[in-house]
Amino acid sequence: MIVAERKPAIWAKTVVRLLKGPLFEDEGEAWNQLQLHQVAVSQYFEQIGVDVIVDAKDGYAYLKQWELDDKGSTIGLMQRRPLSYEVTLLCVILRKMLEEFELNDTSSKHLYISRKLLRTELETFFREKANRMKLIRELNRYINEVLELGYLKQVKGDTQADDDDTFEVRRILKARFDDDVLQQFLQQLKEESEDAELI
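Residues numbered from 1 in each chain as written. Predicted model: local features only at pLDDT ≥ 70, side-chain atom pairs only at ≥ 80, totals over all residues. Heavy atoms only, no water.

Quick look at the sheet that holds strand β6 (residues 166-169)
The condition is simple: The criterion for strand pairing is that DSSP finds at least two bridges linking the strands in question. Only DSSP runs of H or I with at least four residues qualify as helices, and only runs of E with at least two residues qualify as strands; both kinds are numbered from the N terminus onward. Throughout, an axis means a line fitted to C-alpha atoms (over the contacting stretch in the case of helices), and angles, computed between N-to-C directions, take values from 0 to 180 degrees. For this analysis, residues touch if any pair of their heavy atoms sits within 4.5 Å.
Spatial strand order, β4-β6-β5: three strands in an open sheet with antiparallel pairing. The open sheet has two edge strands, β4 (111-114) and β5 (152-156), and neither has a second partner. With direction set aside, neighbouring strand axes in the sheet form an average angle of 35°. With four bridges joining them, β4 and β6 adopt antiparallel strand pairing. Each residue of the ladder has a partner; that of serine 114, found in β6, is threonine 166. Strand contacts of helix α4 (residues 85-104): β4, β5 and β6, with the helix running at about 135° to β4, the strand carrying the most contacts.

Description of helix α5 (residues 115-123)
As a reminder, the rule being used: Exposure classes here rest on a 1.4 Å probe applied to the protein chains alone. A residue is buried below 20% of its type maximum, exposed above 50%, and partly exposed in between. The directions from the helix axis to the C-beta atoms form the arc being described.
Residues of α5 that are buried: Arg115, Leu118, Arg119 and Leu122. End-on, the buried residues of α5 take up no more than an arc of 100°, which puts them together on one face.

Here it is, written out as structure tokens:
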């Protein structure tokens, strides 16, 4: 008995890639297939209550589940991952640096920062020596979490963490931490700083 040859849709690998996390324009075939077949890919995900968010200008795409009721319930395809205070703070700092970069630097397309600069920026929020020491010990873990989320891309360095390691700040941060979220967290930081001064 001859079994008819079966072939997946030409955009199937792009669907699989999106299910693994954000997709970026420097990923070649998967990104190109999304640009060519965005309607088909979007229709595929709509059947299971998921939108494909594409920002062609900034070069990224990601999945967003529909909220099915007032409680924010979803189909449960992707679990929401709560971020620690330190990782959230790191993301907010990166988001603010990206905003300042886009306002002031019109000659470069990408923002690049070093591991050393990240540590320096974070240290300003930890006045207590014990907290600063903990930050230094855990910094590489925080950075790795942000790398896994797709908000940073390492462009220089290897598995051995070094101050000169260089990262590109991904613009998808603007989607995850929009202006409202950014200002809300910065206001929280300001209030915490004022409270600390009163103690």
